[in-house]
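Here is how the chains run, residue by residue.
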Amino acid sequence: MTKRGRNAGRLLAIAWALVVALLLAHNAYLWLGKRIAPETDILALLPVQERDPVLQASFTHMVDAAQQRLVVLVGAAEWSDAKRAADAYGAVLARHAGLFQSTPLDEQAQNDWLALFQQHRLTLLTAPQETQLRQETPQFWRDSALSQLYSPFGGPKLGAWQDDPFGLFGGWVQERAQETPVRPRDGHLFVADGERQYVLLPMTLSLPAFSLGAQESVMPALAQAEAAARQAVPGVEIISAGVILHAAAASSQAAGEMSTIGLGSLAGIILLTWFTFRSFKPISLILLSIGIGCLGSLSVCWLLFGKIHLMTFVFGASLIGVAQDYGIYFLCNRLGADPALDSRTLLRRLLPGLCLTLLAAVIGYMGLALTPFPGLRHMAVFSALGLVFAWLTVVCWFPALIGGGTLKSGALVKQYGAARARWPQLRANRATLFGGVLFALFALFGISRLGVNDDIRLLQTPPAHLIRDQIKLSKLLDGPTPVQFYLVRGDSAEAVLRREETLKQRLLPLIAQKHISGVQAMSNWVPSLRTQAARRALLDTAILQPGAALDLLAQSVDEGPEWAGKVRAQLAQAGAPLSIDAFLKVPASEPWRHLWLGKVEGGYASIVALRGMRYAAIPLLAQAGEGMPGVQWVDKVSEISSVLGRYRVYMGAVVLGAYLVVFGLLLPRYRRRTWRVLAPTALASVAALALLGYLNLPLQLFHVLALMLLLGVGVDYGIFMQEHPDRRNDTPWLAVGLSAANTILSFGLLALSKTAALQAFGLTMLIGTALVWLLSPCFAEADHRSAADAAGEI
């Protein structure tokens with residue numbers, strides 16, 4: 001090693017020390033100064049509908065409205081017990097007023113709710129009332145009004161009788177009330193099934209549901225409230241539903257898995273390194289490269305994206321199993337090299353192989369970044385950056401930190417190394433042909449059994465009790481789903497409301513056939529101006545004009561024309577059309593505001609949500625909106641599943657393309673041996689697919705993404721073996737074994753994840769990495785040089 005070379009190495013080490021100091025300072029600022037917290041919103045991992053911002057806005061509108069809501073049902077066989085338990089539950093939450101917002105249910109709130117509609121009651125009619133106004137005689141309406149006056153069961157009465165003598169406004173309010181089975185009772189909200197009576201406690205979270213801080217505050221408060229309710233009434237049933245419950249469960253699961261995977265990988269690396277080198281120094285060097293890799297990837301990812309998802313950390317925990325490859329490769333070669341050989345000289349000899357392994361791994365990770373899923377892009381960038389920083393640590397520091405003769409091999413190395421000499425090797429003979437035929441039959445039969453399933457619901461694994469509560473609450477409250485709805489657009493608010501009304505007419509047969517129980521739409525509350533004008537004209541003709549129902553009624557109650565004129569004048573004051581802007585300003589609109597997108601992208605848009613939807617009816621619902629101008633059926637579940645399927649096929653082609661790219665990358669160095677580098681990984685990928693078929697696991701995008709990463713990882717082993725093909729040299733075999741064992745530990749632990757996507761990813765990597773490890777020595781070309789010449793290579 002020349003003096004100039006040594007000086008350059010020192011400068012490189014010092015420069016890298018400055019970079020590491022900056023990374024430490026930036027991480028300290030992020031965690032201690034800025035106090036960053038990982039994002040936990042699973043929806044943030046899903047692709048954004050960039051081609052249609054209005055469609056994306058509608059989905060965001062529905063999800064945003066849902067994610068801050070928390071609904072609790074407190075149920076008992078007796079109403080008095082349910083009230084007592086609910087009061088105990090509410091008393092605990094009242095001590096945490098900063099966490100929840102709730103609307104008081106009192107007479108004033110109900111009056112406020114009705115005030116706006118009473119001012120416009122002459123234009124608010126139900127569809128059956130419109131039909132009756134067209135078909136029935138004035139005598140029918142007179143009799144109806146008298147029934148309202150004299151019968152205690154003549155329907156709801158809102159205000160004085162003369163304010164709504166024909167019960168039309170009361171009928172409209174009653175129809176609106178049918179949009180939910182919840183009713184006020186004794187100052188509580190009441191709902192019941194055949195067995196229990198429930199108090200409904202609707203709440204709005206003051207803090208974002210996906211905030212870890214909110215979850216840490218809200219979940220203990222809910223647990224205390226539930227305990228208080230159970231203490232007040234033993235055997236009470238508590239049903240809770242809300243995005244924060246799912247978010248807290250996912251956060252807890254992810255944090256647990258991150259600890260398991262990270263600590264498991266770390267423990268595996270430490271143990272394997274100890275048994276290999278019998279020294280703490282290699283362990284500390286490996287941990288150093290991994291630590292700097294993690295620091296660097298976090299810093300740069302934060303600078304690039306301004307946030308980091310908790311799932312990125314979970315996936316990044318598996319980075320530990322790959323980032324150590326470079327350090328292991330250097331240390332194994334240091335162990336096998338002549339002690340007199342300078343470490344910088346050794347590094348220079350290893351550098352071509354190290355560069356190719358880094359490049360292949362980064363290509364593998366960056367394949368994940370080609371998907372439209374923001375979460376996968378973050379994971380890919382995080383992991384690729386981690387590898388780069390770990391690699392630079394090895395290149396800049398390892399030659400300076402470890403010299404020749406400082407490493408000694410343990411017993412494990414000798415026993416493991418001896419296995420290579422006995423390992424089968426690919427030759428042109430009958431045994432190879434027989435093995436190839438067997439493998440082809442195995443692969444063909446397994447892959448022929450392989451099905452595909454891209455349904456996004458297969459990737460959702462919330463706790464069973466949350467699913468159970470959600471299903472029961474949906475049945476009791478008859479609520480709409482936030483992921484299937486109609487998006488209605490128009491040039492004006494009036495056009496949107498008219499199209500909503502046309503759509504609702506088309507949905508009436510589906511309601512009659514019980515495919516859905518009803519719809520939630522802004523036009524239920526604010527009809528279009530055209531509809532309001534038509535209704536007003538109907539009322540004038542059938543009720544208000546001289547000689548019509550109102551005059552007949554006056555005669556029947558022994559009142560003269562003056563009384564009829566006074567009532568007519570009062571009703572006429574309530575005949576002004578109701579506008580959408582006026583409705584949106586009053587508290588009564590709060591539960592429905594998420595249905596109105598307003599002016600967006602130069603037009604207006606709204607959402608028509610479906611209550612009590614049967615999933616089997618989705619094709620009929622999609623068909624109902626076909627051909628209607630401005631009406632679009634939105635099925636986010638189907639859309640995401642379709643994207644998953646499309647990208648499964650697309651990424652399959654990318655994987656094949658990546659093999660060609662890597663082949664071209666390796667060709668200048670390995671020439672006719674290049675296929676030997678790639679063949680173990682390719683065969684392991686085929687075998688992994690076949691095994692999925694034998695295990696009856698349907699192929700999905702995350703299996704294909706794992707094959708992409710397997711290419712990046714598996715090529716390393718092929719390169720290690722081809723760099724040192726002599727079967728008497730244990731160094732590459734040892735490096736491959738340590739790297740594969742650690743990769744299997746890290747990605748294999750992902751197979752234990754309860755997150756289905758990570759589980760699919762981990763299982764594929766587990767199978768594939770193990771097979772590449774076993775196959776790589778078989779494809780190493782026989783080296784006919786003498787042992788001395790082969791050793792002299794290092």
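Residues numbered from 1 in each chain as written. Predicted model: local features only at pLDDT ≥ 70, side-chain atom pairs only at ≥ 80, totals over all residues. Heavy atoms only, no water.

## Some details on the environment of Ile511
Step number 1: Within the fold, Ile511 resides in helix H18 (residues 493-512).
Step number 2: Judged by relative accessible area, which is 25%, Ile511 ranks as partly exposed.
Step number 3: Distance from Ile511 to Arg611, taken between C-alpha atoms, is 9.7 Å for residues 100 residues apart in sequence.
Step number 4: Ile511 has contacts with Ile516, Ser517 and Gly518, leaving out every residue within four places of it along the chain. (Helix = DSSP H or I, 4+ residues; strand = E, 2+ residues; numbered from the N terminus. Buried < 20%, exposed > 50% of the residue type's maximum accessible area, 1.4 Å probe, protein only. Contact = heavy atoms within 4.5 Å.)

## Concerning helix H28 (residues 731-750)
Step number 1: If you check H28, its first and last C-alpha atoms are 29 Å apart, about what 20 residues at 1.5 Å a residue would give, namely 28 Å.
Step number 2: The buried fraction of H28 amounts to 19 of the 20 residues, a majority that puts the element mostly inside the structure. (Expected span 1.5 Å × (residues − 1).)

## Description of the pattern of salt bridges
Step number 1: The tally for this structure, following the rule as stated, stands at 14 salt bridges.
Step number 2: Where Glu130 meets Arg134, a salt bridge forms, and the shortest distance between an N and an O atom there is 3.7 Å. On the criterion of helical spacing, the pair formed by Glu130 and Arg134 is a turn pair, its members being 4 residues apart in helix H5 (residues 127-135).
Step number 3: The exposure class of Arg134 is exposed, given its relative accessible area of 54%.
Step number 4: Asp143 is the salt-bridge partner of Arg142, the closest N and O atoms lying 3.3 Å from each other.
Step number 5: The exposure class assigned to Asp143 is partly exposed, which follows from its relative accessible area of 41%.
Step number 6: In the salt-bridge network here, residues are joined through shared partners; they are Glu130, Arg134 and Arg535. (Salt bridge = Lys/Arg side-chain N within 4 Å of Asp/Glu carboxyl O.)

## A look at the nonpolar core
Step number 1: Counting 98 residues, the largest nonpolar core has Phe330, Leu331, Leu666 and Val715 as its most contacted members.
Step number 2: Examining the composition of this core, we find that 16 residues originate from one element, helix H27 (residues 701-723), more than from any other.
Step number 3: Not counting chain neighbours up to four residues away, the residues in contact with Leu331 comprise Phe277, Pro282, Leu285, Ile286, Phe398, Ile402 and Leu407.
Step number 4: Formed by 50 residues, the second largest nonpolar core is a distinct cluster that contains Leu114, Val488, Leu497 and Ala617. (Core = buried A, V, L, I, M, F, W, Y, C linked by side-chain atoms within 4.5 Å.)

## Describing the pairing of strand S7 (residues 480-490)
Step number 1: Direction of pairing for S7 relative to strand S10 (residues 603-611): antiparallel, over a ladder of 7 bridges. Bridge pairing links Arg489 to Ala605 in S10. (Pairing = 2+ DSSP bridges.)

## A few points about the state of the cysteines
Step number 1: Inspection of the entire model under this criterion finds 0 disulfides.
Step number 2: Between Cys301, a free cysteine, and Cys294, which holds the nearest cysteine sulfur, the sulfur-to-sulfur gap is 11 Å.
Step number 3: Overall, the relative accessible area of 1% leaves Cys301 in the buried class. (Disulfide = S-S within 2.5 Å.)

## Considering a nonpolar patch on the surface
Step number 1: A cluster of nonpolar side chains, contributed by Leu11, Ile14 and Leu18, occupies part of the molecular surface with about 340 Å² of accessible area.
Step number 2: Note that Ile14 resides in helix H1 (residues 3-33). (Patch = residues over 30% accessible without salt bridge, like charges linked within 9 Å, V, L, I, M, F, W, Y side chains within 5 Å. Areas by Shrake-Rupley, 256 points an atom, 1.4 Å probe, with all protein chains shown as cover.)

## Brief notes about the pairing of strand S6 (residues 237-242)
Step number 1: In terms of residue burial, S6 counts as a mostly covered element, since 6 of its 6 residues are buried.
Step number 2: Residues of S6 alternate between two faces, with Glu237, Ile239 and Ala241 on one and Ile238, Ser240 and Gly242 on the opposite face, all of them buried.
Step number 3: Direction of pairing for strand S1 (residues 69-76) relative to S6: antiparallel, over a ladder of 6 bridges. Within the sheet, the bridge partner assigned to Gly75 lies in S6 and is Glu237.

## Section: the packing of helix H3 (residues 79-94) against helix H8 (residues 212-232)
Step number 1: Two numbers describe how H3 lies on H8: the axes approach to 8 Å, and their chain directions differ by 150°. Here H3 is positioned roughly antiparallel relative to H8, judged by the angle of their axes. Of the two elements, H3 crosses H8, and the hand of that crossing is right-handed. Across the interface between the two elements, Arg84, Ala85, Ala88, Tyr89, Val92 and Leu93 from H3 touch Ala221, Leu222, Gln224, Ala225, Glu226, Ala228, Ala229 and Ala232 from H8. (Axes fitted to C-alpha atoms, helices over the stretch in contact; angles between N-to-C directions. Parallel < 35°, antiparallel > 145°, perpendicular 65-115°, else oblique. Left-handed = near helix turned anticlockwise from the far one by under 90°.)

## What to know about the packing of aromatic side chains
Step number 1: By the definition in use, this model includes 21 aromatic pairs.
Step number 2: Between the aromatic rings of Trp16 and Phe389, the centroid separation amounts to 5.9 Å while the plane-to-plane angle is 35°, which identifies the pairing as tilted. Note that Trp16 is positioned in helix H1 and Phe389 in helix H14 (residues 374-401), a separation of 373 residues in sequence. Each member of the pair, Trp16 together with Phe389, is buried.
Step number 3: Ring geometry for Phe117 against Phe583: centres 5.8 Å apart, planes inclined by 45°, an arrangement best described as tilted. Within this pair, whereas Phe117 is found in helix H4 (residues 107-119), its partner Phe583 is found in helix H23 (residues 580-585), the two being separated by 466 residues in sequence.
Step number 4: On the accessibility criterion, Phe117 (0% relative accessible area) is buried.
Step number 5: Here Phe583 falls in the buried class, since its relative accessible area comes to 0%.
Step number 6: Here Arg176 stacks its cationic end above the ring of Trp525, 5.7 Å away from the centre of that ring. (Phe/Tyr/Trp six-rings, centres within 6.5 Å; stacked < 30°, edge-to-face > 60°. Lys NZ or Arg CZ within 6 Å of the ring centre and 35° of its normal.)

## Some thoughts on unusual backbone geometry
Step number 1: If you check the backbone angles, Arg671 has positive phi at about 50° while not being a glycine.
Step number 2: Since its relative accessible area comes to 57%, Arg671 is described here as exposed.
Step number 3: At Asn696, a residue that is not glycine, the phi angle is positive and equals roughly 60°.
Step number 4: Take Asn696: it is sitting in the loop between helix H26 (674-694) and H27.

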